[in-house]
Each structure stands twice: as structure tokens, then as C-alpha cells.
Amino acid sequence: MKILAISGSLRKNSFNTQLLNAAAVAADEDTLVTLFELADIPLYNQDLDGEIKPAPVQAFIDAIREADALLIATPEYNYSVPGVLKNALDWASRPAFNSVLKGKPTGIISSSMSALGGARAQIHLRDILVATLTPFYLVPDFALAASHNAFDEHGSLVDAGTRSRLENYMAGFAAWVMTQHT
Ligand SMILES: Cc1cc2nc3c(=O)[nH]c(=O)nc-3n(C[C@H](O)[C@H](O)[C@H](O)COP(=O)(O)O)c2cc1C
């Protein structure tokens, strides 16, 4: 199974990008998790959204099309998703109701330094994915709180219980993705 991982943070030491790397480790051996970098995606401009799109946008759309599933790790910015992530999803969402996001099984995870682990951003992201007709995995959910204490210097999750919870999430997510492709 090919999973395209999308981090809502461009920060070099992003906890959400580290979480996606940890998810790749937690996934079973039949699952390939590949990170797509959103850094080169320009701000959405409908004038540029024609047959020929900006190259980074086309690369993003192609990567989504080729993936069996998406796994999005989002930070929480002011109780919602970062503009970087919303912007990328807006590009991928056209043509409306018939884009590469339509029917693409998607997992939503988050991390934040707060005690809520980005849960409020997850709720907003669910709403966005409703608009793009993107089915998302519901339970178990995964939100990593106190992310500044969660990783060691190599980017590995320090807590065995958290690693096990992420393994459980990835196993459940992969099983659900299979049901979406039958
Ligand atoms: C503009 C901005 C707004 C933020 N708002 C929230 C928030 O509403 N809730 C929260 O838990 N953390 C908030 N934070 C803290 C982020 O969750 C924290 O910086 C997190 O590490 C960002 O994710 P990253 O490590 O993947 O870059 C905010 C950070 C920034 C820069």
C-alpha cells in the first residue's frame, strides 16, 4: 500500500513531520509511506489554475492520484489548520467534487505542544475534507500532546505507549483503506 504523507508544517524540525516519520516506522512492512513537501506550492490563484498548473501543484496532484491513501499530520494554528495545508488542499480540490481528493481514503493525525494535541485542527480538517468528498478514517484517532517532549534527538517517539498507540492507529488505518478500495 502506498501512503502519501502530508505535513501541515514547513518547519525543519516540525513535530508533525517527525510524527509522519514515526508513522512510517509504525506501519507494517507492506505499507510505504512517502512524504510530500508542500514548501514549493504557491498561494492559490484561480488565474493559474488552468489546464497547465504550476509545476509543484501538478506534482502534488499527481502524487495524490498515484497514492492508495493520504496521511495528513496537521499542526494547530489558532484552533484550525495552517494556511499552508489549506492552500495545498484548495489546489488539489479542483475541479470541485471531481478532484483527486474525491474518494481518496485519508488519515488525519496531529501534534501540538498543548495538552489537546491539535484536536481542534483535526475537527476543522474533517470539515474541509467533507467539502472535497474525501473519506477520512474515524477511530481510533491520534493526537500527540506535549509534542516538544515526545521525540528524542533522532526523531523517534520516546514513549513506548505512544509508539504502540501509533502502531495501532496505522494498522487500523491500513485495514480501513483496504475496505475503501474493494
Ligand atoms: C501561528 C501559530 C498559531 C498557533 N496556534 C496554536 C493553537 O491554536 N493551538 C495549539 O495547540 N498550538 C498552537 N500553536 C503552536 C503549535 O502547535 C506548535 O508551534 C507546533 O509545534 C507547530 O507544529 P510543528 O512542530 O509541526 O511545526 C500555534 C503556533 C503558531 C506558529
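Structural data are supplied above this passage.
These numbers come from a predicted model, not from an experiment.

### What to know about the site of the ligand
Taken together, 14 residues form the shell around the ligand, and within it S9, R11, S14, N16 and S112 come nearest. In this structure, N16 approaches the ligand through a side-chain N or O atom, which is 2.8 Å from an oxygen atom. Y79 places a polar main-chain atom, nitrogen or oxygen, 2.9 Å from an oxygen atom of the ligand. In the complex, the protein chains occlude 72% of the 620 Å² of accessible area that the ligand would expose alone. For the shell around the ligand, the residue count by class is 5 nonpolar, 6 polar and 3 charged.

### Details of the sheet that holds strand 1 (residues 2–7)
In a beta sheet, neighbouring strands pair by backbone hydrogen bonds and run either parallel or antiparallel. The sheet built from 5 strands is open, its strands ordered 2-1-3-4-5 with parallel pairing. In the strand order of this sheet, the two ends are held by strand 2 (32–36) and strand 5 (142–144), each with one partner. Going from strand to strand, the sheet's axes swing by 25° on average, the running direction of each strand aside. Two strands pair when backbone bridges link them, and strand 1 and strand 3 (residues 69–74) are joined in this way by 5 bridges, in the parallel orientation. Looking across to strand 3, one finds that L4 is bridged to L70.

The rules we used
Residues numbered from 1 in each chain as written. Predicted model: local features only at pLDDT ≥ 70, side-chain atom pairs only at ≥ 80, totals over all residues. Heavy atoms only, no water. Near = heavy atom within 4 Å. Polar contact = N/O pair within 3.5 Å; in protein donor to acceptor, adjacent residues only side chain to side chain. Areas by Shrake-Rupley, 256 points an atom, 1.4 Å probe, with all protein chains shown as cover. Nonpolar A, V, L, I, M, F, W, Y, C, P; charged D, E, K, R; others polar. Pairing = 2+ DSSP bridges. Helix = DSSP H or I, 4+ residues; strand = E, 2+ residues; numbered from the N terminus. Axes fitted to C-alpha atoms, helices over the stretch in contact; angles between N-to-C directions.

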